[in-house]
Amino acid sequence: MRILVTGAAGFIGSHYVRGLLAGEYPGWESAHVTALDKLTYAGNRANLPATHERLTFVRGDVCDPVLLRDLLPGHDAVVHFAAESHVDRSLAGAGAGEFFRTNVMGTQTLLDAVLHSGVERVVHVSTDEVYGSIEQGSWTEKWPLEPNTPYAASKAGSDLVARAYWRTHGLDLSVTRCSNNYGPYQHPEKVIPLFVTNLLEGRGVPLYGDGRNVREWLHVADHCRAIHLVLNGGQPGEIYNIGGGNEYTNRDLTLKLLELTGAGEDMIHQVPDRKAHDLRYSIDESKIRAELGYAPQVDFEQGLAETVAWYRDNPDWWKAIAHGPGREL
Ligand code: NAD
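The paragraphs below set out a description of the structure included in this document. (Residues numbered from 1 in each chain as written. Predicted model: local features only at pLDDT ≥ 70, side-chain atom pairs only at ≥ 80, totals over all residues. Heavy atoms only, no water.)

### Focus: the overall build of the chain
Move 1: Across its full length, the chain holds 11 helices and 12 strands.
Move 2: Its C-alpha atoms give the chain a radius of gyration of 19 Å, near enough to 20 Å, the size a compact globule of 329 residues would have.
Move 3: Taken along the three principal axes of its C-alpha coordinates, the chain extends 55 × 45 × 40 Å.
Move 4: Scored against the burial criterion, the 329 residues of the chain give a buried share of 57%.
Move 5: Contacts spanning at least 24 positions in sequence make up 80% of the contacts within the chain whose residues lie at least 6 apart. (Helix = DSSP H or I, 4+ residues; strand = E, 2+ residues; numbered from the N terminus. Rg over C-alpha atoms; globule rule 2.2 N^0.38 Å. Buried < 20%, exposed > 50% of the residue type's maximum accessible area, 1.4 Å probe, protein only. Contact = heavy atoms within 4.5 Å.)

### As for the pattern of salt bridges
Move 1: Taken as a whole and assessed by the stated rule, the structure comprises 18 salt bridges.
Move 2: Across the pair Arg 274 and Asp 88 runs a salt bridge whose closest N-O atoms are separated by 2.7 Å. With Arg 274 in the loop between strand E12 (268-271) and helix H9 (286-292) and Asp 88 in helix H3 (residues 87-90), this residue pair connects regions lying 186 residues apart in the sequence.
Move 3: Overall, Arg 274 belongs to the buried group, its relative accessible area being 18%.
Move 4: For Asp 88, a relative accessible area of 18% puts it in the buried group.
Move 5: In this structure, Glu 201 engages Lys 319 in a salt bridge whose closest nitrogen and oxygen atoms are separated by 3.9 Å. Taken together, the residues span a long stretch of sequence, with Glu 201 in the loop between helix H6 (191-200) and strand E8 (205-208) and Lys 319 in helix H11 (residues 315-322) at a distance of 118 residues.
Move 6: One connected set of salt bridges, linked through shared partners, spans Lys 38, Asp 61, Glu 98 and Arg 101. (Salt bridge = Lys/Arg side-chain N within 4 Å of Asp/Glu carboxyl O.)

### Some remarks on helix H4 (residues 96-115)
Move 1: An ideal rise of 1.5 Å per residue puts 28 Å on 20 residues; H4 measures up with 28 Å between its terminal C-alpha atoms.
Move 2: Along H4, the largest kink reaches about 30° and is centred on Gly 106.
Move 3: Taken together, the buried positions of H4 are Ala 96, Phe 99, Thr 102, Asn 103, Val 104, Gly 106, Thr 107, Thr 109, Leu 110, Leu 111, Ala 113 and Val 114. (Expected span 1.5 Å × (residues − 1). Bend = angle between axes of the 7 residues up to and from the residue.)

### Remarks on the pairing of strand E4 (residues 77-80)
Move 1: Covered by surrounding structure in E4 are Ala 77 and Val 79 together with Val 78 and His 80, the residues of both alternating faces.
Move 2: As defined by bridge partners, strand E1 (residues 2-6) adjoins E4 across four bridges and the pair is classed as parallel. Of the residues in E4, the one forming a bridge with Leu 4 is Val 78.
Move 3: Where E4 and strand E5 (residues 121-127) come together, four bridges link them in parallel fashion. Bridging across to E5, Ala 77 finds its partner in Arg 121. (Pairing = 2+ DSSP bridges.)

### Re the site of the ligand
Move 1: The local shell around the ligand holds 28 residues, among which Ile 12, Asp 37, Ser 85, Tyr 151 and Lys 155 are the closest.
Move 2: Interatomic distance of 2.7 Å between a side-chain N/O atom of Tyr 151 and an oxygen atom of the ligand.
Move 3: Side-chain polar atom of Lys 155 to an oxygen atom of the ligand: 2.6 Å apart, as the coordinates give it.
Move 4: In isolation the ligand exposes 840 Å². Once the protein is present, 97% of that is buried.
Move 5: Secondary structure elements with two or more residues in the shell around the ligand: helix H1 (11-21), E5, helix H5 (150-169) and strand E7 (180-182).
Move 6: With three residues, E5 is the single largest residue contributor to the shell around the ligand.
Move 7: Here the shell around the ligand is composed, by residue class, of 12 nonpolar, 12 polar and four charged. (Near = heavy atom within 4 Å. Polar contact = N/O pair within 3.5 Å; in protein donor to acceptor, adjacent residues only side chain to side chain. Areas by Shrake-Rupley, 256 points an atom, 1.4 Å probe, with all protein chains shown as cover. Nonpolar A, V, L, I, M, F, W, Y, C, P; charged D, E, K, R; others polar.)

### Side note on the environment of His 124
Move 1: Here His 124 shows up in strand E5.
Move 2: C-alpha separation for the pair His 124 and Ile 227, spaced 103 residues apart in sequence, amounts to 9.2 Å.
Move 3: Ignoring sequence-local partners within four residues, the contact set of His 124 consists of His 80, Thr 107, Ser 158, Asp 159, Ala 162, Ser 174, Val 175 and Thr 176.
Move 4: At 3.0 Å, the side chain of His 124 forms a polar contact with the side chain of Ser 158.

### Looking at the nonpolar core
Move 1: Within the largest apolar cluster, 34 residues are counted, with the highest numbers of intra-cluster contacts made by Ile 3, Val 5, Tyr 16 and Val 79.
Move 2: Looking at this core, the elements with two or more residues in it are E1, H1, strand E2 (32-37), E4, E5, helix H7 (220-233), strand E10 (239-242) and H9.
Move 3: Formed by 24 residues, the second largest nonpolar core is a distinct cluster that contains Phe 195, Val 205, Leu 253 and Met 267. (Core = buried A, V, L, I, M, F, W, Y, C linked by side-chain atoms within 4.5 Å.)

### A look at unusual backbone geometry
Move 1: Of note, the phi angle at Leu 39 is positive, near 55°, even though the residue is not glycine.
Move 2: Looking at the secondary structure, you find Leu 39 in the loop between E2 and strand E3 (55-59).
Move 3: In this structure, Ala 276 takes a positive phi of about 50° despite not being glycine.
Move 4: With respect to the helices, strands and loops of the structure, Ala 276 is situated in the loop between E12 and H9.

Here it is in structure tokens:
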């Protein structure tokens, strides 16, 4: 078995690849993994083993049709993580262009190449942000797409490309839409690692607005387990929401991080709210639970404490990134 993973040097893609190489995912314990990544500012080769007998790393762009047509034949499946993923960067004027290039055109280029490759199964990894914001209740997969940021719009566009390639060409493809992830190896521009690394360095944390925005948190290990269930058992053309049920306001999350790092509330620096800041995300994940037997395994309190401990124990990993290029946002 051979599997190609795009965005494999990023936060979630690298977790999935490390799990595949460790034999953690049923049915694919001995699979050969091709890890494709452009190594943008967000990709880090050090997130993957330098060498492994079942790993081939390829530096390349999902927008490159020639590369993809050469690379894809011989693979059984593709799991597509590659994306521009940081909402704040998509809000910054011209920065949005790269989101549409990679997320929409990259998905179209990849799926077009898949059609000519003999690859039999694709999972497209998307996000709950495509639904917009919800004040009460939770989104099912039937909810209309009402993305509010360029990031979310580009992911919604990629979901529609994926749907069209299933409907038009009969591609065996499923889409996942997950809530916010946390865990080790997440780029220090994202809220949990940003706050943790700031606090570990004795610096304050920038809390948007009044901090009442609500997010649902899921450990990256649970997300990857769910993606793998979809790879193995998901139906063509179907969408699967993935959530964790852990809803916290940004303020409450910040208070937990202060406690875990031994810092006081004086470290909170309130900053003007983000443009188009969605108030609340909430996922109805009953479909993947009922159809594929999904259930998150990582307790949020424990997972968060372990994540903080990981950043405390691995300063070399994040200091190189946090103080390096690409840290301007
Ligand atoms: P990330 O930014 O950490 O990783 C993205 C990876 O894609 C990086 O390694 C980057 O180098 C690579 N990449 C970017 N452009 C590329 C291109 N043109 N060609 C090839 N590789 C390219 O992101 P992440 O948090 O790991 O997210 C992975 C996927 O999961 C994304 O599709 C994202 O939308 C989705 N998702 C993320 C979350 C979350 O909370 N992080 C939640 C739900 C869904």
